[in-house]
Amino acid sequence: MNIRPLGDRVVIKRIEAEETTKSGIVLPGTAKEKPQEAEIVAVGPGGVVDGKEVRMEVKVGDRVLFSKYAGNEIKVEGVEYTILRQDDILAVVE
Amino acid sequence: MNIRPLGDRVVIKRIEAEETTKSGIVLPGTAKEKPQEAEIVAVGPGGVVDGKEVRMEVKVGDRVLFSKYAGNEIKVEGVEYTILRQDDILAVVE
Amino acid sequence: MNIRPLGDRVVIKRIEAEETTKSGIVLPGTAKEKPQEAEIVAVGPGGVVDGKEVRMEVKVGDRVLFSKYAGNEIKVEGVEYTILRQDDILAVVE
Amino acid sequence: MNIRPLGDRVVIKRIEAEETTKSGIVLPGTAKEKPQEAEIVAVGPGGVVDGKEVRMEVKVGDRVLFSKYAGNEIKVEGVEYTILRQDDILAVVE
Amino acid sequence: MNIRPLGDRVVIKRIEAEETTKSGIVLPGTAKEKPQEAEIVAVGPGGVVDGKEVRMEVKVGDRVLFSKYAGNEIKVEGVEYTILRQDDILAVVE
Amino acid sequence: MNIRPLGDRVVIKRIEAEETTKSGIVLPGTAKEKPQEAEIVAVGPGGVVDGKEVRMEVKVGDRVLFSKYAGNEIKVEGVEYTILRQDDILAVVE
Amino acid sequence: MNIRPLGDRVVIKRIEAEETTKSGIVLPGTAKEKPQEAEIVAVGPGGVVDGKEVRMEVKVGDRVLFSKYAGNEIKVEGVEYTILRQDDILAVVE
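None of the values given here were measured: they were computed from a predicted structure.

1. Considering the overall build of chain A
Across its full length, chain A carries 1 helix and 10 strands. Look at the contacts in chain A between residues 6 or more apart in sequence, and 68% of them connect residues 24 or more apart.

Here it is in structure tokens:
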């Protein structure tokens, strides 16, 4: 992976429907915004972001839930990733 | 429960209408936003969230009232949960 | 009363028209937002709320004026209450 | 007067057109928001309001100009008052 | 002048077109918001305004440029004034 | 030049198309907001502006790029100027 | 390069499609905002920007991903550049 996110940003790789079923998490179709499951592939250094000290709480390899409307999508060597801020991550799946 | 919320987020499980009646709380249909009753099943660590120190005031097992438009819904092993920030919790039911 | 509000929230019980007359306060029908009279039945602990120190200035039993569009309504054992932030209370009636 | 405003709020009694003429102040009809003249009848304690230290600069009896769209109207024993924040007061008339 | 502005507010008296020509400043009619020239007739004390320390940089008698949409208009003894915050003053004309 | 800007404001004189060509900078017509080139003719003192310490980084004579929608236009002795905040200046052209 | 950006701004030169393919990064056409790849050609000094201490984390020569709607476009000696704030840079490509 050759993307180094800045500040409090992380790069995540979305986990597809089949994997989602394996981990027992289903993301239902409701009127509310639905979070999605992903694996973290790169983590920014944190530090002072927008004048506030941010400590990174996630690490590479963590499976996380995130809001599907958050962040920017990129494709590296044929694989799609999303770059988003740590604050857009809702929870770690353990 | 295998979801670990980040920062000041909590995971709650909505309490259905029958249980609501048992605890004596009824949520009437008015023009205002109606809070809903739920049980807390996971609590984030708190700490510095968006540059502010947040101390978690709720714990697993607490019954709480929350605004029904707050947070993100997920389904884990067939059970629906909501992930929301502690500040979206209005009160603890004792 | 079995509702413990979090942070700077309070629980109030609206005072009906008859009682309003007794205290000499009438809330006229104008184009502006009209405050309403209520009695405080529960007070949150205050403390750090949204990163700011909040000291609670009202106590259980106080009669207060509040903006009628503020807060969330609930019904406990047949009685309607409103949960709102202390900052939505305009004044104490003495 | 039996209304004790909270925080940086004050209670004012609007001064009618006749009195306005006496003090030599006329509030013309223009496209801009017009301030109105009033007398202060109660002053909140100030202190920490929304996380900021507020010192009250007005006192009971002051005649002030305020924006007519600010605050909430109430009627106590047949007299109309407005409850508003000190910051909505533009100037003291001396 | 019997108006004492509060906080960081000042009272100004707009300078009419003839005077504007004398000082060599013309305010052209363009699509952008046009500033206007005025003389300062009263200055608030400054101090802590909205939780921030404000030091007054203008004094009575200064000729200033200000945005014509800023502030509130009043008329005292037949003369029109505008009450506005110091931050709405763009520059002093010397 | 007889305009003294307040706080973090500066007064600039737009550079016309011919001069722009000489300095090698062309501002293309695209869908995005286009910056414009100008010379600084007056600089405010900086200091505490809106509760924040601002240090002026530009000086009289600097050629700068600024967003054409920023600031207020004035005309002094037949010459058009713009008064804008330092933060609306994008870069110095050297 | 004769453009010195102010504060936390940087000047970048967009990398065209051919180069993008070489680095293995493809920016897919989706409903979300797509980041673009660019090379940094000038970096502001950082320091106190809008009242917050900003440390520059990128340097001249870095290849970065940025949101294509961020910043202002300029053309210097026939070459197009974008001036944007460091916070609009998503990640460094290594």
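2. Section: the environment of G71(F)
All names here are of chain F. Looking at the secondary structure, you find G71 in the loop between β7 (63-67) and β8 (72-76). Looking at G71, the relative accessible area reads 28%, which means it is partly exposed. In sequence terms G71 and L84 are 13 residues apart; their C-alpha atoms lie 4.1 Å from each other.

3. A closer look at the interface of chain A and chain G
Taken together, the contacts link 25 residues of chain A with 22 residues of chain G. Of the roughly 2100 Å² buried between chain A and chain G on both sides combined, carbon and sulfur atoms contribute 49%. Taken as a group, R4(A), L6(A) and E73(A) account for 30% of the area that chain A buries against chain G, more than any other trio of residues on that side. In this structure, the connection of chain A to chain G is made through 2 salt bridges. For R85(A), the salt bridge is made with D87(G), and the minimal N-O distance between the two is 3.1 Å. Scanning the region where chain A abuts chain G turns up 7 residue pairs in polar contact (both at pLDDT 80 or more). Of all the elements in the fold, those that place two or more residues in the side of chain A that touches chain G are β1 (3-5), β2 (9-14), β8 (72-76) and β9 (79-85) of chain A. Considering every element that reaches the side of chain A that touches chain G, the biggest residue donor is β8(A), with 5 residues. Classifying every residue of the side of chain A that touches chain G gives 10 nonpolar, 6 polar and 9 charged. Relative to strand β10 (residues 89-93) of chain G, β1(A) is paired through 3 bridges, and the arrangement is antiparallel. Its bridge partner being in β10(G), I3(A) is matched across the sheet by V93(G).

4. Quick look at the interface of chain F and chain G
How big an interface is tends to be stated in terms of the accessible area lost upon association of its parts. Contact with chain F, which involves 22 residues of that partner, is made by 25 residues of chain G. Taking both sides of the interface into account, the surface hidden between chain F and chain G amounts to around 2100 Å²; carbon and sulfur atoms contribute 49%. At the surface where chain F touches chain G, the tally comes to 2 salt bridges. Mapped by element, the contributors of at least two residues to the side of chain F that touches chain G are β3 (25-26), β6 (52-54) and β10 (89-93) of chain F. For the side of chain F that touches chain G, the leading source of residues is β10(F), giving 5 residues.

5. Concerning the pattern of salt bridges
This structure, assessed with the given rule, holds 42 salt bridges over all chains. For R4(F), the salt bridge identified is with E94(E), shortest N-O distance 2.5 Å. One end of the pair, R4(F), is in strand β1 (residues 3-5); the other, E94(E), is in the segment after β10 (89-93), on a second chain. A single salt-bridge network, built from bridges that share partners, covers D8(A), R85(A) and D87(G).

Parameters at a glance
- Every chain is numbered independently, its residues counted from 1 as its sequence is written.
- Chains and ligands are labelled by the order in which they are written, letters from A for the one and numbers from 1 for the other.
- A pLDDT threshold of at least 70 governs which residues receive local features in this predicted model, and a stricter bar of 80 or more applies before side-chain atom pairs are shown or counted, although totals over entire chains, interfaces and linings include all residues.
- Note that the side-chain values use all heavy atoms of the structure and ignore hydrogens as well as water.
- In this description a helix means any DSSP run of H or I spanning at least four residues, a strand means any run of E spanning at least two, and both kinds are numbered starting from the N terminus.
- Residues are treated as being in contact if the distance between any of their heavy atoms lies within 4.5 Å.
- Any residue under 20% of the maximum accessible area for its type is buried, any over 50% is exposed, and the rest in between are partly exposed; the area is computed with a 1.4 Å probe on protein chains only.
- Put simply, buried area is the surface a 1.4 Å probe can reach on two separate parts but cannot reach once they are joined, added for both.
- When a carboxyl oxygen of Asp or Glu is within 4 Å of a side-chain nitrogen of Lys or Arg, the pair counts as a salt bridge.
- Residues adjacent in sequence count toward polar contacts only when both atoms are side-chain atoms; beyond that, a polar contact is any pair of N or O atoms within 3.5 Å, and within protein one must be able to donate a hydrogen and the other to accept it.
- Following the grouping adopted for this structure description, the nonpolar residues are Ala, Val, Leu, Ile, Met, Phe, Trp, Tyr, Cys and Pro, the charged ones are Asp, Glu, Lys and Arg, and the polar ones are all others, Gly among them.
- For two strands to pair, DSSP has to find at least two bridges joining them.

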